[in-house]
Amino acid sequence: MIVGERKPLSIVIENLSPWRKILVLGCGTCVTVCMSGGEKEAQEVAAILRLRGFQARALTIERQCEMEFNRKFAEEINREEVVLSLACGIGVQILSDLFPQKPIFPGVNTTFMGAPIVQGLWEERCSGCGDCIVHLFGNICPVTRCAKSLLNGPCGGSQKGKCEVKPERDCAWQLIYDRMREQGRLEELLRIHPPKDWSSSRYGGQRKMLREDVYL
Ligand code: SF4
Ligand code: SF4
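Residues numbered from 1 in each chain as written. Chains lettered and ligands numbered in written order. Predicted model: local features only at pLDDT ≥ 70, side-chain atom pairs only at ≥ 80, totals over all residues.

Chemist: Residues and numbers for the overall build of the protein chain, please.
Modeler: Summing up its helical and strand segments, the protein chain has eight helices and seven strands in all. Computed over its C-alpha atoms, the radius of gyration of the protein chain comes to 21 Å, more than 25% above the 17 Å expected for a compact globule of 216 residues. Taken over 216 residues, the protein chain has a buried fraction of 30%. By sequence separation, contacts in the protein chain at least 24 residues apart represent 55% of the contacts at least 6 residues apart. (Helix = DSSP H or I, 4+ residues; strand = E, 2+ residues; numbered from the N terminus. Rg over C-alpha atoms; globule rule 2.2 N^0.38 Å. Buried ≥ 20, exposed ≤ 12 C-beta atoms within 10 Å, placed from the backbone. Contact = placed C-beta atoms within 7 Å.)

Chemist: Describe the sheet that holds strand E7 (residues 121-126), listing the residues and the values that go with them.
Modeler: Judged by pairing direction, the sheet is antiparallel, and its three strands sit side by side in the order E1-E6-E7 without closing on themselves. Single-partner strands in this sheet number two, and they are strand E1 (2-6) and E7. The mean inter-strand angle of the sheet, taken between neighbouring strand axes irrespective of direction, is 70 degrees. Examined bridge by bridge, strand E6 (residues 108-118) and E7 share five bridges and lie antiparallel to one another. Bridge assignment links Gly114 to a residue of E7, and that residue is Glu124. (Pairing = 2+ DSSP bridges. Axes fitted to C-alpha atoms, helices over the stretch in contact; angles between N-to-C directions.)

Chemist: Outline the site of ligand 1, listing residues and values.
Modeler: Within the structure, ligand 1 sits among Cys126, Ser127, Gly128, Cys129, Cys132, Ile133, Val134, Cys141, Val143 and Thr144. Within the shell around ligand 1, the residues separate by chemical class into seven nonpolar, three polar and no charged. (Near = placed C-beta within 6 Å. Nonpolar A, V, L, I, M, F, W, Y, C, P; charged D, E, K, R; others polar.)

Chemist: Mind laying out helix H3 (residues 39-51), listing which residues take part and the relevant values?
Modeler: The terminal C-alpha atoms of H3 lie 19 Å apart, and with 13 residues this matches the ideal 18 Å at 1.5 Å per residue to within 8%. All of the buried residues along H3 are Glu41, Ala42, Val45, Ala46 and Leu49. All buried residues of H3 lie within an arc of 135 degrees about the axis, which places them on one face of the element. The inward-facing, buried residues of H3 contact E1, strand E2 (21-27), strand E3 (55-61) and strand E4 (82-85). Just downstream of H3 lies Gly53, where phi reads positive at about 95 degrees. (Expected span 1.5 Å × (residues − 1). Arc of directions from axis to C-beta.)

Chemist: Can you explain the nonpolar core? Please cite residues and give values.
Modeler: Where a protein is soluble and globular, its nonpolar side chains tend to be buried together. Counting 33 residues, the largest nonpolar core has Ile22, Val24, Leu25, Val31, Leu84, Leu86 and Ala87 as the members making the most contacts within it. For this core, the secondary structure elements donating two or more residues are E1, helix H1 (9-16), E2, helix H2 (30-33), H3, E3, E4 and helix H6 (89-98). No other element matches E2, which puts five residues into this core. Once residues within four sequence positions are removed from consideration, Val24 is found in contact with Ala42, Val45, Ala46, Leu49, Ala56, Ala58, Leu84 and Leu86. The next biggest cluster of nonpolar side chains, apart from the first, holds 10 residues, and it includes Phe137, Val143, Ala172 and Ile176. (Core = buried A, V, L, I, M, F, W, Y, C linked by C-beta atoms within 7 Å.)

Spelled out as structure tokens, the structure:
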């Protein structure tokens, strides 16, 4: 899932300050699960904005990242001066593609692709490199979870299983070692991996995926 956190209210209010009539638009998928932009948060933000003198109301769309879901609410969206979207950055952009004349502001800072680990804690697990090799590392992604993205780790700096870059965080390579040992596959870690081909990653700019079999 995509994880995001609420933008500081002071920034939201500053962005919205030239307008009065605001539609706070929640998203019913990832940001609902990470409790930053779902129906409950949309209602809360609208209530806060009303207290600050805005005419704000809340609405939640099931998935703002898909045009069809947004299209159904065109009338509601067009009725207000501006939209404060509590979706991830994808939702904000898709919404804006569909309603290009409408000022739309992000109310959430999109942070990473991750998972809830325990209540109130989300961890990044994938950087979307476009060529998944996680099976080589006991399904612990070194690209994402090692601070240096080392494919031939460890770096030698970890202390008591913790990362030297962020000591409060587990060393990914300690986790990889432990997992591979559990699976009786330690000898696989002796393999030297050549530099990864990053052309499938986002460093070359925006990526697209075309599926000829389902393309209309
Ligand atoms: S190897 Fe790439 S695709 Fe696989 S989990 Fe890591 S970043 Fe994600
Ligand atoms: S201590 Fe571990 S996680 Fe941190 S940079 Fe070194 S190998 Fe990567």
